[in-house]
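Listed here are the chains, written in short residue letters.
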Amino acid sequence: MRVVVAEDSAVLREGLVELLTLRGHEVVAAVRDGGGLRAAVDEHRPDVSVVDIRMPPTHTDEGLRAAIALRADHPGTAILLFSQYIETTYAAELLADRGGGVGYLLKDRVAEVSDFLDALRRVAAGETVLDPEVVSQLLGSTRRTDALAELTDREREVLALMAEGRSNAAIAGTLYLSPGSVEKYVTSLFGKLGLPPSEADNRRVLAVLRYLDS
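Residues numbered from 1 in each chain as written. Predicted model: local features only at pLDDT ≥ 70, side-chain atom pairs only at ≥ 80, totals over all residues. Heavy atoms only, no water.

**Student:** Describe the overall build of the protein chain, listing the residues and the values that go with them.
**Tutor:** Helix and strand content of the protein chain: 10 helices and 6 strands. In terms of C-alpha radius of gyration, the protein chain reaches 17 Å, essentially the compact-globule figure of 17 Å for 214 residues. Of the contacts formed within the protein chain by residues at least 6 apart in sequence, a portion of 66% connects residues at least 24 apart. Accessible surface computed for the protein chain: about 10,100 Å², of which carbon and sulfur atoms make up 49%. Both charge centroids of the protein chain, one from 24 positive and one from 33 negative side chains, sit 4 Å from each other. (Helix = DSSP H or I, 4+ residues; strand = E, 2+ residues; numbered from the N terminus. Rg over C-alpha atoms; globule rule 2.2 N^0.38 Å. Contact = heavy atoms within 4.5 Å. Areas by Shrake-Rupley, 256 points an atom, 1.4 Å probe, with all protein chains shown as cover. Lys, Arg positive; Asp, Glu negative; His and termini not counted. Charge placed at Lys NZ, Arg CZ, Asp CG, Glu CD.)

See the structure below:
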């Protein structure tokens with residue numbers, strides 16, 4: 001894959017460049033701030049960008065806001081947020097564009113290099129990949145009592161695992177359910193969230209976004 005790395009820490013930035021290069025990927029640009037990220041994506045049109053959230057000049061949410069701007073300028077641009085922090089407001093906005101190809105991992109919770117590389121590959125392929133802690137905080141900060149209140153506890157568990165990018169088979173294994181049972185829960189929550197079958201939309205992504213937006 002062709003990758004842009006946006007990380008203000010020189011040590012971490014060079015570490016990511018070396019890691020990705022050793023795994024056969026091409027790092028087309030490595031930058032330290034949001035402006036550099038936008039310029040690099042404009043120039044190179046990478047397969048995916050790895051973006052820290054807190055970058056110069058204020059070290060608050062520059063990376064995340066740059067990622068949102070990138071998705072507006074280049075719809076479908078794949079972005080993997082890789083940070084020590086969870087920023088719920090702008091993260092929900094980034095997910096709400098419904099384009100897929102978005103990930104959010106916490107640096108301290110990535111136990112294996114292979115997990116990071118797998119998430120990067122999946123995001124580049126258009127999937128949504130979220131750390132469970134990110135999902136928990138996003139849901140906690142945005143939950144509202146409306147159609148979501150109709151979901152059972154089990155349906156909420158299934159939806160949370162969907163938000164992590166899990167397949168039905170993976171959800172079945174995690175919750176010790178049969179694949180058929182998982183399919184029934186998924187179909188039920190689609191119905192409760194008002195998401196009929198559609199060739200134009202990915203109902204799994206829309207269900208997660210409905211949960212985050214509400």
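Structure's up, so let's keep going.
**Student:** Account for the packing of aromatic side chains, with residues named and values stated.
**Tutor:** Under the definition given, this model contains 1 aromatic pair. Taking 4.9 Å as the distance between ring centres and 45 degrees as the angle between the ring planes, the aromatic pair formed by Phe82 and Phe116 counts as tilted. Of this pair, Phe82 sits in strand E4 (residues 79–83) while Phe116 is found in helix H5 (residues 113–124), placing the two residues 34 residues apart along the sequence. By relative accessible area, Phe116 is classed as buried at 2%. (Phe/Tyr/Trp six-rings, centres within 6.5 Å; stacked < 30°, edge-to-face > 60°. Buried < 20%, exposed > 50% of the residue type's maximum accessible area, 1.4 Å probe, protein only.)

**Student:** Requested: an account of the nonpolar core, with residues and values cited.
**Tutor:** Membership of the largest hydrophobic core comes to 50 residues, with the highest contact counts inside it found for Leu37, Leu81, Tyr104, Leu159, Met162, Leu189 and Ala207. For Leu189, the contacting residues outside a window of four places in its chain are Leu151, Glu155, Val158, Leu159, Met162 and Ala207. Val3, Val5, Leu120 and Val129 belong to the second largest nonpolar core, which has 17 residues in total. (Core = buried A, V, L, I, M, F, W, Y, C linked by side-chain atoms within 4.5 Å.)

**Student:** With reference to specific residues and values, describe the sheet that holds strand E6 (residues 128–130).
**Tutor:** Overall, parallel pairing links the 6 strands, which are arranged E2-E1-E3-E4-E5-E6 in an open sheet. Each edge of the open sheet is held by one strand with a lone partner, namely strand E2 (26–31) and E6. Within the sheet, the average angular offset between the axes of one strand and its neighbour, ignoring direction, is 15 degrees. As paired elements, strand E1 (residues 2–6) and strand E3 (residues 48–51) share 4 bridges and run parallel to each other. In the strand pairing of E3, Val5 is matched with Val50. Contacts from helix H1 (residues 10–22) reach E1, E2, E3 and E4, with the element oriented near 175 degrees to E2. (Pairing = 2+ DSSP bridges. Axes fitted to C-alpha atoms, helices over the stretch in contact; angles between N-to-C directions.)

**Student:** Run through unusual backbone geometry, naming residues and quoting values.
**Tutor:** Of note, the bond from Pro56 into Pro57 is cis; its omega dihedral lies within 30 degrees of zero at 10 degrees. A positive phi angle, close to 55 degrees, is found at His59, a residue other than glycine. Locating His59 in the fold gives a position in the loop between E3 and helix H3 (62–73). Residues other than glycine seldom take positive phi values, yet Tyr176 does so here, at roughly 55 degrees. Considering the arrangement of structural elements, one finds Tyr176 in the loop between helix H8 (168–175) and helix H9 (179–192). By relative accessible area, which is 76% here, Tyr176 ends up exposed.

**Student:** Give me the side chain of Glu155: which residues, what numbers.
**Tutor:** For Glu155, the location among the structural elements is in helix H7 (residues 153–163). Among the polar contacts made by the side chain of Glu155, one reaches the side chain of Ser188 at a distance of 2.6 Å. In this structure the side chain of Glu155 is engaged in a polar contact, spanning 2.9 Å, whose partner is the side chain of Lys192. Glu155 has contacts with Glu150, Tyr185, Ser188, Leu189 and Lys192, leaving out every residue within four places of it along the chain. (Polar contact = N/O pair within 3.5 Å; in protein donor to acceptor, adjacent residues only side chain to side chain.)

**Student:** Explain H8 to me, and be specific about the residues and the numbers.
**Tutor:** Among the residues of H8, those classed as buried are Asn168, Ile171, Ala172 and Leu175. Seen from one end, H8 has its buried residues packed into an arc of 100 degrees, which puts them on one side. Looking one or two residues beyond H8, the residue adopting positive phi is Tyr176, at roughly 55 degrees. (Arc of directions from axis to C-beta.)

**Student:** Tell me about the packing of helix H2 (residues 34–44) against H3, and please be specific about residues and values.
**Tutor:** At their nearest, the axes of H2 and H3 sit 9 Å apart, and the two run at 25 degrees to each other. In terms of orientation, H2 and H3 fall into the roughly parallel class. For the element pair H2 and H3, the recorded crossing hand is right-handed. On H3, the residues that touch Gly34, Leu37, Arg38 and Val41 of H2 are Ala66, Ala69, Leu70 and Asp73. (Parallel < 35°, antiparallel > 145°, perpendicular 65-115°, else oblique. Left-handed = near helix turned anticlockwise from the far one by under 90°.)

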